[in-house]
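Okay, here's what each chain looks like letter by letter:
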Amino acid sequence: HFLNHPEFTPFWVVLASIPIGVYSYRRIMRGLPLPSKTVRILLTLAAVAAVVLTQRPVMGRDPGIIALILLSCLKMTELKDRRDFMFVVFMCYFLLFGNFLYDQSLQDLAFTLTAFMLVTSVLLRLNYPENEGGRFSTFAKNAFKYFLYGLPFTVVLFLLFPRTYGPFWNLPQ
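The paragraphs below set out a description of the structure included in this document. Owing to the predicted nature of the structure, the values given are computational and were not obtained by experimental measurement.

Some remarks on the overall build of the protein
Move 1: The helix and strand inventory of the protein stands at six helices and zero strands.
Move 2: In sequence order, the secondary structure elements of the protein are arranged as α-α-α-α-α-α.
Move 3: Counting across all 173 residues of the protein, residues that qualify as buried make up 29%.
Move 4: Considering only residue pairs separated by 6 or more positions, the protein has 62% of its internal contacts joining residues 24 or more positions apart.
Move 5: Roughly 11,700 Å² of accessible area belongs to the protein as shown, and the carbon and sulfur atoms make up 72% of that amount.

Quick look at the structure:
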């Protein structure tokens, strides 16, 4: 979302997300302990306060996606087992689908499908720990293969379901 539609996401969200992601990656790679519960709670409260203070109205599409971005990044600070990693991967799927609340062009579809393939590759990697030494390209090929398996089903659904006029979600802009 914030890469493909920067006009809807404040720059401070990107500035907050990148260091959190880098910190989380370094913590996991070095085997460092989790930040204290107090630090995690304070960061969460700060993220929610930032959304409430910068977004008007507080309820709606933009504040919801911004909160989802920030809270997904903060979830990465407490990754410790496979279940936590899976949770973050599924949050990535929600963020990708949230992209369609903004635009449904072919360019966005290409961007979202590429990101969807990468996230699915990570999901496959998490579900096959016995292939720990496996190359990421193998998982990416499998993700693409599964996408191709689902394509005929998608075409059938596209042809059978009625189309609506205007944005599917009919959310106020």
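Quick word on the nonpolar core
Move 1: Grouped together as the largest cluster of nonpolar side chains are 12 residues: V13, I20, A47, V51, I65, I66, I69, L70, C73, L74, L95 and Y102.
Move 2: Of all the elements in the fold, those that place two or more residues in this core are α1 (11–30), α2 (37–54) and α3 (61–75).
Move 3: Broken down by element, the residue count for this core peaks at six residues, all from α3.
Move 4: For A47, the residues in contact, after removing those within four places along its chain, are L70, L71 and L74.
Move 5: Within the second largest apolar cluster, eight residues are counted, among which are M86, V89, L96 and L123.

Considerations on the packing of aromatic side chains
Move 1: One pass over the structure, following the stated rule, counts five aromatic pairs.
Move 2: Here the aromatic rings of Y93 and F116 are separated by 5.2 Å at their centres, their planes lie at 55 degrees, and the arrangement is tilted. Separated by 23 residues along the polypeptide, Y93 in helix α4 (residues 82–98) and F116 in helix α5 (residues 106–127) bring together distant segments of the chain.
Move 3: Residue Y93 is classed as buried on the basis of its relative accessible area of 10%.
Move 4: Through pairs of rings, three or more aromatic residues link up here, namely F90, Y93, F97 and F116.
Move 5: Above the plane of the ring of F87 lies K75, whose end atom (NZ or CZ) is 5.3 Å from the centre.

Overview of the packing of α5 against helix α6 (residues 136–160)
Move 1: Running from N to C, α5 and α6 point in directions that differ by 115 degrees, and their axes come no closer than 8 Å. For the pair α5 and α6, the crossing hand works out as right-handed. In this structure, α5 contributes L113, M117, L118, T120, S121, V122, L124 and R125 to the contact, and α6 contributes F136, F139, A140, N142, A143, F144, Y146 and F147.
Move 2: For the contact of α5 with α6, a count of residues per class yields 12 nonpolar, three polar and one charged.

What about the state of the cysteines?
Move 1: As enumerated under the stated definition, the model contains zero disulfides in all.
Move 2: Free cysteine: C73, not disulfide-bonded; nearest cysteine sulfur from C92 at 8.6 Å.
Move 3: Exposure remark for C73: the relative accessible area of 11% places this residue in the buried category.

Brief notes about a nonpolar patch on the surface
Move 1: A cluster of nonpolar side chains, namely F144, L148, L151, V155, F158 and L159, defines an oily patch on the protein surface of about 570 Å² accessible area.
Move 2: By the secondary structure assignment, L151 is in helix α6.

The rules we used
Residues numbered from 1 in each chain as written. Predicted model: local features only at pLDDT ≥ 70, side-chain atom pairs only at ≥ 80, totals over all residues. Heavy atoms only, no water. Helix = DSSP H or I, 4+ residues; strand = E, 2+ residues; numbered from the N terminus. Buried < 20%, exposed > 50% of the residue type's maximum accessible area, 1.4 Å probe, protein only. Contact = heavy atoms within 4.5 Å. Areas by Shrake-Rupley, 256 points an atom, 1.4 Å probe, with all protein chains shown as cover. Core = buried A, V, L, I, M, F, W, Y, C linked by side-chain atoms within 4.5 Å. Phe/Tyr/Trp six-rings, centres within 6.5 Å; stacked < 30°, edge-to-face > 60°. Lys NZ or Arg CZ within 6 Å of the ring centre and 35° of its normal. Axes fitted to C-alpha atoms, helices over the stretch in contact; angles between N-to-C directions. Left-handed = near helix turned anticlockwise from the far one by under 90°. Nonpolar A, V, L, I, M, F, W, Y, C, P; charged D, E, K, R; others polar. Disulfide = S-S within 2.5 Å. Patch = residues over 30% accessible without salt bridge, like charges linked within 9 Å, V, L, I, M, F, W, Y side chains within 5 Å. Salt bridge = Lys/Arg side-chain N within 4 Å of Asp/Glu carboxyl O.

So far we have only geometry, and geometry alone does not tell us how the molecule works.
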